[in-house]
Amino acid sequence: MIFGFFILGLISLLGLLSFVSYIAWWYPLELISHFRVQYLCLSIIVTGLLLLFWWQKVIKVKALFSISLWLCLLVIILNAVEVIPWYFPHSQQINTNTEKKVRLLSFNINVQNQQYQDIVNVVEKNNPDVALFVEIDQASVDKLKPGLNKLLPYFFKSPGGGLALFSRLPIQDVRGDTLNTDNYNLLATIKINGKPVQLIGTHALIPFKRITFHVRNRQLAALAKFIKQEKNRSSYLEILI
């Protein structure tokens, strides 16, 4: 009996965390919204334990088993509908346009990563036309540029935000811009298939602390406002995060 109530309590907690993730818009509750994959995996594990305990007759009360099982399935579905679409193409990714396709790469290299040749190898393997590097400092730039110059000769590093753009295509009107917030974004225009395409590269702060939570929110709000203004001008936009 005790195992049955343990399973019920555990899946109830996962269900509460999964549900509150939809309405946790303030600090620090908002932090629990970042663990959808973990909630999904844990709920599948708990469901497996529940079935094992029932099969081994550790749980003998049918009503307790039925309630727990239905709750497990509900939590799995609740998180699966959020997580599974991440691994399938979005409708805007399915494009029948016959024009030459352009490959964009967004690469968070981690500011402590010093495996520069491995980074170059990843870029060469993916062969992008444009690559945004995130969490990159000047020392990393100096190490990477010699290996990337031939493939991506055009380059710009934002004065802040740890952002750098490498491109096979000429970069126009490029700048680092805070958009009146506390963190930099990289804004660039690149002509693709004869059309000017505006690229926005950004790296929002981790909202682990109250101050970074508010800085991130201000940055995302400023980006949303900027993107809306640019769309009203009929610009082509690509956002790299």
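Our subject in this report is the structure included herewith.

What counts, and at which threshold
Residues numbered from 1 in each chain as written. Predicted model: local features only at pLDDT ≥ 70, side-chain atom pairs only at ≥ 80, totals over all residues. Heavy atoms only, no water. Patch = residues over 30% accessible without salt bridge, like charges linked within 9 Å, V, L, I, M, F, W, Y side chains within 5 Å. Areas by Shrake-Rupley, 256 points an atom, 1.4 Å probe, with all protein chains shown as cover. Salt bridge = Lys/Arg side-chain N within 4 Å of Asp/Glu carboxyl O. Helix = DSSP H or I, 4+ residues; strand = E, 2+ residues; numbered from the N terminus. Phe/Tyr/Trp six-rings, centres within 6.5 Å; stacked < 30°, edge-to-face > 60°. Buried < 20%, exposed > 50% of the residue type's maximum accessible area, 1.4 Å probe, protein only. Lys NZ or Arg CZ within 6 Å of the ring centre and 35° of its normal. Pairing = 2+ DSSP bridges. Axes fitted to C-alpha atoms, helices over the stretch in contact; angles between N-to-C directions. Polar contact = N/O pair within 3.5 Å; in protein donor to acceptor, adjacent residues only side chain to side chain. Contact = heavy atoms within 4.5 Å. Parallel < 35°, antiparallel > 145°, perpendicular 65-115°, else oblique. Left-handed = near helix turned anticlockwise from the far one by under 90°. Nonpolar A, V, L, I, M, F, W, Y, C, P; charged D, E, K, R; others polar.

Points about a nonpolar patch on the surface
Consideration 1: Together, Phe-19, Tyr-22, Ile-23, Trp-25, Trp-26, Leu-29, Trp-70, Leu-73, Ile-77 and Val-81 give the surface a local cluster of nonpolar side chains, amounting to about 1,100 Å² of exposed area.
Consideration 2: Note that Phe-19 resides in helix H1 (residues 2–20).

Looking at the packing of aromatic side chains
Consideration 1: Counted under the stated rule, the structure contains 5 aromatic pairs.
Consideration 2: Ring geometry for Phe-107 against Phe-133: centres 5.8 Å apart, planes inclined by 25°, an arrangement best described as stacked. In this pair, Phe-107 sits in strand E1 (residues 104–108) while Phe-133 sits in strand E2 (residues 130–134), placing the two residues 26 residues apart along the sequence.
Consideration 3: Centroid distance Phe-133 to Phe-166: 5.1 Å. Interplanar angle 75°. Geometry classified as edge-to-face. Remark: Phe-166 occurs in strand E4 (residues 163–167) and Phe-133 occurs in strand E2; sequence separation between them is 33 residues.
Consideration 4: Owing to a relative accessible area of 0%, Phe-133 belongs among the buried residues under this scheme.
Consideration 5: Through a chain of ring-to-ring contacts, three or more aromatic side chains come together here, namely Phe-107, Phe-133, Phe-155 and Phe-166.
Consideration 6: Over the ring of Tyr-22 we find Arg-36; its NZ or CZ atom is 4.4 Å from the centre of that ring.

Some remarks on the sheet that holds strand E3 (residues 154–157)
Consideration 1: The 4 strands lie next to each other as E1-E2-E4-E3, forming an open sheet whose pairing is mixed. The open sheet has two free edges, formed respectively by E1 and E3, since each of these has just one partner strand. On average, each strand axis in the sheet is inclined to that of its neighbour by 15°, with strand direction left out of account.
Consideration 2: Sheet topology note: the E3/E4 ladder contains 4 bridges and is antiparallel.

Notes on the side chain of Ser-140
Consideration 1: With respect to the secondary-structure elements, Ser-140 resides in helix H5 (residues 138–148).
Consideration 2: Of note is the side chain of Ser-140, whose polar atom sits 2.9 Å from the side chain of Asp-137.
Consideration 3: Not counting chain neighbours up to four residues away, the residues in contact with Ser-140 comprise Ile-109 and Tyr-116.

Some thoughts on the side chain of Thr-47
Consideration 1: Take Thr-47: it is sitting in helix H2 (residues 36–55).
Consideration 2: Side-chain polar atoms of Thr-47 contact the backbone oxygen of Ser-43, separated by 2.7 Å.
Consideration 3: Sequence-distant contacts of Thr-47, defined by excluding residues within four places in its chain, comprise Leu-69, Cys-72 and Ile-76.

Things to note about the packing of H1 against H2
Consideration 1: The contact between H1 and H2 brings their axes to 10 Å, and the two run at 160°. The pairing of H1 with H2 is recorded here as roughly antiparallel in orientation. Here the hand of the crossing between H1 and H2 comes out left-handed. In contact with Phe-3, Ile-7, Leu-10, Ile-11, Leu-14, Leu-17 and Ser-18 of H1, H2 contributes Arg-36, Tyr-39, Leu-42, Ser-43, Val-46, Leu-49, Leu-50 and Phe-53.
Consideration 2: Class assignment for the residues of the contact of H1 with H2 results in 12 nonpolar, 2 polar and 1 charged.

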